[in-house]
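# What the coordinates show
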Amino acid sequence: MKVNEITKSFEPIFEEKEGQYDELMAYYKCAMMEVETKFRVLNEEFSLQYDRNPISAIKSRLKNLKSIRDKLIKNDFSLSVDSIEENLNDVAGVRVICSFERDVYLLAEALLSQDDIELITKKDYIAAPKDNGYRSLHLIVAVPIYLVNEKRTMRVEIQLRTIAMDSWATLEHQLRYKKNIEFTEEMAEELHLCSKLSAELDHKMDNLRKLVNV
Ligand code: 0O2
């Protein structure tokens, strides 16, 4: 869906100069494309070197207007377009689904070593999973985009995870946000156990990768 279509359905929400919201979203979209391309290039180079792809899929998304607004309100930030750019780090999101756990770190390192990428924050939920069992490596980076007359630096949230981590997170999200169903303590424990099993699966697969030497 186009950004302006979303805007119309929620108007008026933000203090903005005319067209400012659409413009900002277009910049985030460009930043997302930059980051995606960087990962595609790394995938290509890696596949030449090792004869396999470290990336299984890349999914990008722009946060929608309602989620942006809810987050600004939740954190007590002002409802203006300037405030979005100033306060939110995850308007542009790129999720990279990797084949093996080692690929997560390899790709993160390769990206962060590029001289136009600035690391803002790093959260390693693989080394230290969240209490519910959520695992992924999260990076907030600043990336330049080159427009006709200017260069702008935009922030992008990158989530790197294995196929097993992604399938757990996707299913957990579906289960937890099911309407009208109470999410019990037992269900949470079961999900936590599933996360442990998925971590075990990742480690076993990574050991097999080492044996096959790829
Ligand atoms: P969406 O639609 O995926 O973007 P924040 O919420 O960003 O202010 P925090 O704690 O700094 O706060 O963010 P964090 O921990 O880096 O996680 C943000 C994103 O990671 C979430 O975005 C999810 O995509 C994912 N995530 C984090 N924890 C979980 C979890 O327990 N389960 C699942 N399935 N995903 C998780 P949003 O904004 O929730 O949604």
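Residues numbered from 1 in each chain as written. Predicted model: local features only at pLDDT ≥ 70, side-chain atom pairs only at ≥ 80, totals over all residues. Heavy atoms only, no water.

## Some words on the site of the ligand
By nearness alone, 16 residues border the ligand, and Arg61, Lys123, Tyr125, Asn132 and His138 come closest of all. Interatomic distance of 2.6 Å between a side-chain N/O atom of Tyr125 and an oxygen atom of the ligand. Protein coverage of the free-state accessible area of the ligand, which is 730 Å², stands at 63%. At the level of elements, strand 5 (151–162) and helix 6 (163–176) are the ones that each hand at least two residues to the shell around the ligand. (Near = heavy atom within 4 Å. Polar contact = N/O pair within 3.5 Å; in protein donor to acceptor, adjacent residues only side chain to side chain. Areas by Shrake-Rupley, 256 points an atom, 1.4 Å probe, with all protein chains shown as cover. Helix = DSSP H or I, 4+ residues; strand = E, 2+ residues; numbered from the N terminus.)

## Quick word on the sheet that holds strand 1 (residues 55–62)
In spatial order, the strands read 1-2-5-4-3; together these five strands make up an open sheet with mixed pairing. Every other strand in the sheet has two partners, leaving strand 1 and strand 3 (118–124) as the edge strands with one partner each. This sheet shows a mean twist of 25° between the axes of neighbouring strands, independent of strand direction. Where strand 2 (residues 92–98) and strand 5 come together, six bridges link them in parallel fashion. When the bridges of strand 5 are listed, Cys98 appears paired with Thr162. (Pairing = 2+ DSSP bridges. Axes fitted to C-alpha atoms, helices over the stretch in contact; angles between N-to-C directions.)

## Section: a negative patch on the surface
Among the surface-exposed residues, Glu16, Glu18, Asp22, Glu23 and Glu150 lie close enough to one another that they form a single negatively charged patch. Tracing the sequence through the fold places Glu150 in the loop between strand 4 (137–146) and strand 5. (Patch = residues over 30% accessible without salt bridge, like charges linked within 9 Å, V, L, I, M, F, W, Y side chains within 5 Å. Salt bridge = Lys/Arg side-chain N within 4 Å of Asp/Glu carboxyl O. Lys, Arg positive; Asp, Glu negative; His and termini not counted. Charge placed at Lys NZ, Arg CZ, Asp CG, Glu CD.)

## Re the environment of Ser167
The residue Ser167 is located in helix 6 in this model. Taking the relative accessible area as the measure of exposure, Ser167 reaches 38% and is therefore partly exposed. As for Ser167 and Ile97, which are separated by 70 residues in sequence, their C-alpha atoms are 9.9 Å apart. (Buried < 20%, exposed > 50% of the residue type's maximum accessible area, 1.4 Å probe, protein only.)

## Comments concerning the pattern of salt bridges
Side-chain pairs of opposite charge can arise where the charged atoms are in close proximity. Per the counting criterion, the structure on display carries 13 salt bridges. Between Lys63 and Asp90 there is a salt bridge, and its shortest N-O distance comes to 3.1 Å. One end of the pair, Lys63, is in the loop between strand 1 and helix 3 (65–74); the other, Asp90, is in the loop between helix 4 (81–87) and strand 2, and 27 residues separate them in sequence. Here Arg152 makes a salt bridge to Glu85, at a shortest N to O gap of 3.0 Å. Of this pair, Arg152 sits in strand 5 while Glu85 sits in helix 4, and the two are 67 residues apart along the sequence. Overlapping salt bridges bring together Lys59, Arg161 and Asp166 as one network.

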